[in-house]
Amino acid sequence: LVLSLAWLGPALQGKKHGEVVTEEEEVEEEDEVLSDEIENEDSVLVLHEHNFARALSEHQLLLVEFYAPWCGHCQRLAPAFTEAATTLRNESSLVRLGKVDATAQTALASEFGIASYPTLMLFRDGNRTHPLAYTGRMDAEGIVRWLQRRAGPSATLLQDTDIAATFISSQDLVVVGFFKDLRGEEARAFYEVASEVVDMPFGVAEADELFQAYGLSANTVCLFKKFDEGRTDFPVDAEEGLDTAKLTHLLRVHSLKLVMEFTNETSNQIFSAKIPHHMILFLNKSSSAQLALLDGFRAAAGTFRGEVLFVVVDVSGYGVEVLPFFGMTPADAPTLRLVKMENNRKYQMEQNSFSDTAIRTFVQAVLDGKVKPHLMSAEPPEDWDTRPVKVLVGKTFEQVAFDETKNVFVKFYAPWCSHCQAMAAAWEELGERYKDHEDIVIAEMDSTANELENITIHGFPTLHYFPAGPGRKMIEYKSARDVETFSKFLENGGTLPEEPPVVSKAQENSTGREEPSPLGTDESRDEL
C-alpha cells in the first residue's frame, strides 16, 4: 500500500481495503475461435487477443482494465467502471473503456506485464507499446475526470479579466498558472500537473492585463480557494523552473483546510495529501465547551503546514469508528494525539493542554524526537501462558519473545482479518503439537490492541520467529501457512530446507495478507 497502516485502518473492523491475495486460476480451454468482433457489455468493450488491435485502431483513447474474475477489488470496481463508460459514451467522448480477463488472455497479460489486479492502462492513437498507467481514483467520477483531462486541454485558457473572474469563482478550489509564454517549458510542466491533479479545475493566463489584475510580474501558479487565506501563490523559480512533483505536493497540501474535519467526504483528501504527521483533536461536537477548544488548535496549525496536518475527529459522529485504534472511547474526549504516518507511531501529551502555545510546543517536541511514542497494550488473560498458543500483549511481549532460552514463533493478527481467521485452526494445531517442547513457544498477538516500540506490523497476519540466544534476532516467515510447513521451519531452526518449488492453488492462497489502508483510497489490488 502507498500508506503504511493509516491511523484509521485497523479500526475499520471488516472494512478491509488492501487485501493482498495470491491466487492461480486454472483457465479453461476456449471451445471456439474468437473473431475480431468487439462485444459491447454495458458500454464496456470486451477485449481479447483477437480483437485488441482492432479496438486500438478504432478508438483514439482506450482505457483498458486487466482483471481476474476471482479478484475482489475487480468486482468492487466493476459498477464504477461501467458507470464511467456509460457517462463518457453518452457525452460522445473520444474515450472508450474496455476490459480484458487477464487470466484467460494470458498473451495480452504477458505483453503488458500485468502483475496485479485490477491494472488499468490508457492507450492513445493505437499505440500499444507505451500505454499510460492509470493514476486516478477508483470511482466513476474519478475515472471520468482523469480521462477528460487527457481527452482535451488539461487547463482552460483565460483570455481576459471577466473570463478569469468567472472561472476563479466557479468552484471552491481553482488553480491558475500565469505564464509569460504558454509554449515555454514551465507552462508545459504546468499542463502536465493539470493532467494528474484532476479534482481541481486548472486555468492558464498569458495576457499582461491578467498579470496586472492579480498583482503578478513573473510566472506564478495561484491556488484560489473560498476558505482560509483565500489565495496561495507559488512563484516559479526562474533558474530551477517548475518542478511538477513539488507543485503537485504543494497543491495537495494547500488545497486542504488548515484544520480538516474527518468525515466520509474528507477522508480521501486527508490521506492522499501524504502529509507525514497528523495532529488529531478528538472532541464531542455536541459540547459547546469542547468546540471552543478549536480556537487554540487552529491557531497552532499554521506553524506546521505541510509537515503536520491538523484534523478534528468528532467522537459523537463519523469519527467514532476510529476510536478503538487509539484505545479510546467517546468518554476520553477532549484529547489530543499525534500520529507519525511513516510507522504509525502515536504520541500523547502527559496532560492534555489545548492552548495554541502548548500544542505548538508538544508538536515541535515530537518532531525533534524528544517524545516517546504512546504504545497501547491490552491486559493479558489470566491463562495467557497455560494455553497451547500463548496470548501476548504489549506489556508481556518483551519477556516472552526475547527469552534467550526459547525459540518463539509469533502470529501478529487482526480480529477482523479473513486470512487470519483462515489460518487460525492451523496455528492452534501447531500450538498443540509443540506445547510440551521446552524450547519452542507458539504465540499470537492482536496487533490492533497492542503496539511495540521497535516492531511495526504492515499487514495481517504477519509471522515472526525469534530464535533463542542473545542478539534479539527476528526472522519474518513468508512461506505457506500450513502445519507441516510451519513444523519444517521450526525443526530447521527458523529456515526451510531447500526443496523444488511446488505451485498449487492451495499454497498460493495460503500466503495472502490483509493490509489496512486509508478509508476512501482505492490503491489496493490483488497481486499475482
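Residues numbered from 1 in each chain as written. Predicted model: local features only at pLDDT ≥ 70, side-chain atom pairs only at ≥ 80, totals over all residues. Heavy atoms only, no water.

- In the annotation of an unreviewed UniProt entry, the entry for the protein chain reads protein disulfide-isomerase, and the organism field reads Bucco capensis.
- The record in UniProt for the protein chain states the following under Catalytic activity (unreviewed entry): "Catalyzes the rearrangement of -S-S- bonds in proteins." (UniProt positions renumbered as here; feature names shortened; annotations may be inferred.)

A short note on the overall build of the protein chain
Right, so step 1: In terms of helices and strands, the protein chain carries 16 helices and 25 strands.
Right, so step 2: Burial analysis of the protein chain (528 residues in total) assigns 49% to the buried set.
Right, so step 3: A separation of at least 24 residues holds for 72% of the contacts in the protein chain among residues at least 6 apart in sequence.
Right, so step 4: Only carbon and sulfur atoms are counted for the fraction: they give 47% of the accessible area of the protein chain, which is about 24,900 Å². (Helix = DSSP H or I, 4+ residues; strand = E, 2+ residues; numbered from the N terminus. Buried < 20%, exposed > 50% of the residue type's maximum accessible area, 1.4 Å probe, protein only. Contact = heavy atoms within 4.5 Å. Areas by Shrake-Rupley, 256 points an atom, 1.4 Å probe, with all protein chains shown as cover.)

Points about unusual backbone geometry
Right, so step 1: Pro334 follows Ala333 through a cis peptide bond whose omega is 0°.
Right, so step 2: By secondary structure assignment, the location of Pro334 is in the loop between strand E16 (308–314) and strand E17 (335–340).
Right, so step 3: Cis geometry marks the peptide bond from Phe460 to Pro461, where omega comes out at -15°.
Right, so step 4: Phi at Ser92 takes a positive value of approximately 55°, unusual for a residue other than glycine.
Right, so step 5: Take Ser92: it is sitting in the loop between helix H2 (72–90) and strand E5 (95–101).

Details of the pairing of strand E15 (residues 277–283)
Right, so step 1: Across the seven residues that make up E15, a large majority, seven, are buried.
Right, so step 2: Of the two faces of E15, the one carrying His277, Met279, Leu281 and Leu283 and the one carrying His278, Ile280 and Phe282 are both buried.
Right, so step 3: Sheet topology places E15 next to E16; seven bridges connect them, and they run parallel. Following the sheet pairing, His278 is matched in E16 by Leu309. (Pairing = 2+ DSSP bridges.)

Some remarks on the environment of Leu210
Right, so step 1: Tracing the backbone through its elements, the reader meets Leu210 in helix H7 (residues 208–213).
Right, so step 2: The exposure class assigned to Leu210 is buried, which follows from its relative accessible area of 0%.
Right, so step 3: Sequence spacing of Leu210 and Asp160 is 50 residues, and the spatial spacing of their C-alpha atoms is 6.6 Å.
Right, so step 4: Leave out the neighbours within four places in its chain, and Leu210 touches Leu158, Gln159, Asp160, Thr161, Ala164, Phe178 and Ala205.

Section: the packing of helix H4 (residues 140–151) against helix H6 (residues 185–196)
Right, so step 1: Running from amino to carboxyl end, H4 crosses H6 at an angle of 150°, the nearest separation of the two axes being 8 Å. Here H4 is positioned roughly antiparallel relative to H6, judged by the angle of their axes. Contacts between H4 and H6 involve Trp146, Arg149 and Arg150 from the former and Ala194, Ser195 and Glu196 from the latter.
Right, so step 2: For the contact of H4 with H6, the per-class residue count stands at two nonpolar, one polar and three charged. (Axes fitted to C-alpha atoms, helices over the stretch in contact; angles between N-to-C directions. Parallel < 35°, antiparallel > 145°, perpendicular 65-115°, else oblique. Nonpolar A, V, L, I, M, F, W, Y, C, P; charged D, E, K, R; others polar.)

Notes on helix H15 (residues 483–491)
Right, so step 1: Taken together, the buried positions of H15 are occupied by Val483, Thr485, Phe486, Ser487, Phe489 and Leu490.
Right, so step 2: Those residues of H15 that are buried lie in contact with strand E20 (407–413), helix H14 (418–434), strand E21 (440–446), strand E22 (462–466) and strand E23 (475–477).
Right, so step 3: Its side-chain oxygen 3.2 Å from the backbone nitrogen of Glu484, Asp482 forms the N-cap of H15.
Right, so step 4: Backbone geometry just downstream of H15 places Gly493 in the positive-phi region, at approximately 75°. (Polar contact = N/O pair within 3.5 Å; in protein donor to acceptor, adjacent residues only side chain to side chain.)

Some words on the sheet that holds strand E12 (residues 220–225)
Right, so step 1: Ordered by their spatial adjacency, five strands build an open sheet running E9-E11-E10-E12-E13, and the pairing between neighbours is mixed. Strand pairing shows two members of the sheet lacking a second neighbour, strand E9 (156–158) and strand E13 (231–235), which therefore form its edges. Strand-to-strand twist of the sheet, defined as the mean angle between neighbouring strand axes without regard to direction, takes the value 25°.
Right, so step 2: Both E9 and strand E11 (residues 202–205) contribute to a ladder of three bridges, which runs parallel. What sits directly across from Leu158, in E11, is Ala205.
Right, so step 3: Across the face of the sheet, H6 comes into contact with strand E10 (173–178), E11 and E12 while running at roughly 165° to E11.

With respect to the packing of H2 against H4
Right, so step 1: Where H2 meets H4, the axes come as close as 8 Å, and the angle between the chain directions of the two elements is 45°. By the angle between their axes, H2 is oblique relative to H4. Crossing of H2 over H4 shows right-handed handedness. The residues of H4 that touch H2, namely those facing Leu77, Ala80, Phe81, Glu83, Ala84, Thr87 and Leu88, are Ala140, Ile143, Val144, Leu147 and Gln148.
Right, so step 2: Residues of the contact of H2 with H4, tallied by class, amount to nine nonpolar, two polar and one charged. (Left-handed = near helix turned anticlockwise from the far one by under 90°.)

A short note on the environment of Val44
Right, so step 1: The residue Val44 is located in strand E3 (residues 44–47) in this model.
Right, so step 2: Separated by 37 residues in sequence, Val44 and Phe81 place their C-alpha atoms 8.1 Å apart.
Right, so step 3: If sequence neighbours within four positions are ignored, Val44 has contacts with Glu39, Phe81, Thr82, Ala85, Leu97, Gly98 and Lys99.

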